[in-house]
Amino acid sequence: MAEASRTSEARRDAVFGRWVVFSPARSRRPTDLKSHNPTNNPSPAPKPSCPFCAGRESECAPQIFRVPPEDALPWRIRVIENLYPALRRDVEPPEGSGGEADAEEVPGELALSGFGFHDVVIETPSHEVRLWDLEGEGVRDVLLAYAARVRQLGEHPAVKYVQVFKNHGASAGASMAHSHSQMLGTPFVPPSVKSRFNCMKEVFDKSGNCSLCEISSKDILISETPNFSAIVPFAASYPFEIWIIPRQHLSYFHEIDQDKALDLGSLLKLMLQKLSKQLNDPPFNFMIHSTPFGLSSSCLPYAHWFVQIVPQLSVIGGFELGSGCYINPVFPEDAAKILRELDCST
């Protein structure tokens, strides 16, 4: 459909079950949409003020592990405890099997102890280097560090889910300019994760197919590799939102191997480069949506992990907060075409 003939349309996606209103009249041309709050700072803070930089390790919270592990070699990646954790590992976990099973039996309000794990992944020792400035192998190693830490957290009987995420830019929630990401291990399965699985189960029960395996439209495809597809989802909640989806049906991110991690790292790097170039280095968040630990094998046919990248280009207003529906001024097909044709080789 030509851009000039676009009219408003409501779409519901088959993964989160959210309704999205596409309203191109609320924006200029999609190619004109840029971040007004870019993350590049013409006067960055002096490097010595950053505890994430090489040589300042003693100023950070305790280290969990590093890459490479040998102390004689300079580190490239460090996984550390969060100095200001949202959940605390030194708190007694909820009674029973992590509290989740018991909590499900209790109606109404409920309070659990603030037990959990909150870790930071320092992606590079260099203050000026962003994740997408690394070579594909460097992004691969960051992804493998995520996976290794998720596996460690999964061994704790009280941890039910691990959310891996990256906030880039102050308005996207990043309190440190140095390139880093985080993960939270929770003693419960978060409501958005439950909602995602309930929606995907409904689709599977009706069609016998996984929602993510069924995505095939070339109109929303940006790029693909032997193992992954990068798309703008059919009912993208945000302008220029990107999903990177394993082409093979895979349930757990933390089971990723070296080859697939390199494939994903190269594609993730390319997608972040495209967003930076097209949208004026916007603040963004990316999240790895995986599967809760201990999920019944009967649920695995519709459990499919993926990466979601959300550029922060607009403010969430009262309609979105009140209804749970989103208004997106850019149709996914238009955003995908712009990103697909954007050359990042120069």
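That block above? That's the structure.
These numbers were taken from a predicted model, which means no experiment stands behind them.

Undergrad: Got a minute to help me understand unusual backbone geometry in this structure?
TA: Of all residues except glycine, most have a negative phi; of all peptide bonds, most are trans. The peptide bond linking Val67 to Pro68 adopts the cis configuration, its omega dihedral lying at -10°. Of note, Pro68 is situated in the loop between β3 (63–67) and β4 (77–81). One non-glycine residue, Asn280, adopts positive backbone phi at about 70°. Tracing the sequence through the fold places Asn280 in the loop between α4 (258–279) and β11 (284–289). Of note, Asp281 is a non-glycine position whose phi angle comes to about 50°, a positive value.

Undergrad: Sorry if this is basic, but what is going on with the packing of aromatic side chains here?
TA: Ring pairs (aromatic) are described by centroid distance and by the angle formed between their planes. Tallied over the entire structure, the rule returns 10 aromatic pairs. Between Phe115 and Phe117, the ring centres sit 5.6 Å apart and the planes meet at 80°, which makes this aromatic pair edge-to-face. Centroid distance Phe253 to Trp305: 5.2 Å. Interplanar angle 75°. Geometry classified as edge-to-face. Here Phe253, found in the loop between β10 (242–246) and α4, pairs with Trp305, found in the loop between β11 and β12 (306–311); they are 52 residues apart in sequence, far enough to count as distant. Across the pair, Trp305 and Phe253 agree in class, each one buried. Clustering of aromatic rings is evident, with ring pairs tying together Phe16, Trp243 and Phe306. One residue, Arg11, lies across the ring of Phe22, its end atom 5.2 Å from the ring centre. Over the ring of Trp75 we find Arg78, and its NZ or CZ is 5.7 Å from the ring centre.

Undergrad: Is there a simple way to explain the pattern of salt bridges in this structure?
TA: Charged atoms that come close allow side chains of opposite charge to pair. Applying the stated criterion across every chain, the model contains 16 salt bridges. Lys337 is paired through a salt bridge with Glu341; the nearest N and O atoms lie 3.1 Å apart. Of this pair, Lys337 and Glu341 both sit in helix α6 (residues 332–341), 4 residues apart, which is roughly one turn of that helix. A single network of salt bridges, built from pairs that share partners, joins Glu81, Arg89, Asp119 and Arg149.

Undergrad: Looking at this model, I keep getting lost on the sheet that holds strand β13 (residues 326–328). Mind explaining?
TA: Paired through backbone hydrogen bonds, the strands of a sheet run either parallel or antiparallel to each other. The strand order β1-β2-β13 describes an open sheet built from 3 strands, whose pairing is mixed. The outermost strands of the open sheet, each flanked by one partner alone, are β1 (9–12) and β13. Sheet twist, expressed as the mean angle between neighbouring strand axes with direction ignored, is 30°. As judged from the 4 bridges shared by β1 and strand β2 (residues 19–22), these two strands associate in the antiparallel manner. Note that in β2 the partner of Ala10 across the bridge is Val21.

Undergrad: How do you make sense of the sheet that holds strand β6 (residues 161–168) when you look at a structure like this?
TA: Taken in spatial order, the 10 strands of this open sheet run β3-β4-β5-β7-β6-β11-β12-β10-β9-β8, and their pairing is antiparallel. Sheet topology places β3 and β8 (221–224) at the edges, where each strand pairs with a single neighbour. Averaged over all pairs of adjacent strands, the angle between their axes in this sheet comes to 15°, without regard to strand direction. Inspection of the sheet shows strand β5 (residues 117–122) paired to strand β7 (residues 180–186) by 6 bridges, in the antiparallel sense. Across the sheet, Val121 pairs through a bridge with Ser181, a residue of β7. Along the sheet, α4 makes contact with β8, β9 (228–231), β10, β11 and β12, crossing β9 at roughly 15°. Packing against the sheet, α6 makes contact with β8 and β10, and its axis sits at approximately 40° to β8.

Conventions used here
- Residues numbered from 1 in each chain as written.
- Predicted model: local features only at pLDDT ≥ 70, side-chain atom pairs only at ≥ 80, totals over all residues.
- Heavy atoms only, no water.
- Helix = DSSP H or I, 4+ residues; strand = E, 2+ residues; numbered from the N terminus.
- Phe/Tyr/Trp six-rings, centres within 6.5 Å; stacked < 30°, edge-to-face > 60°.
- Buried < 20%, exposed > 50% of the residue type's maximum accessible area, 1.4 Å probe, protein only.
- Lys NZ or Arg CZ within 6 Å of the ring centre and 35° of its normal.
- Salt bridge = Lys/Arg side-chain N within 4 Å of Asp/Glu carboxyl O.
- Pairing = 2+ DSSP bridges.
- Axes fitted to C-alpha atoms, helices over the stretch in contact; angles between N-to-C directions.
- Contact = heavy atoms within 4.5 Å.

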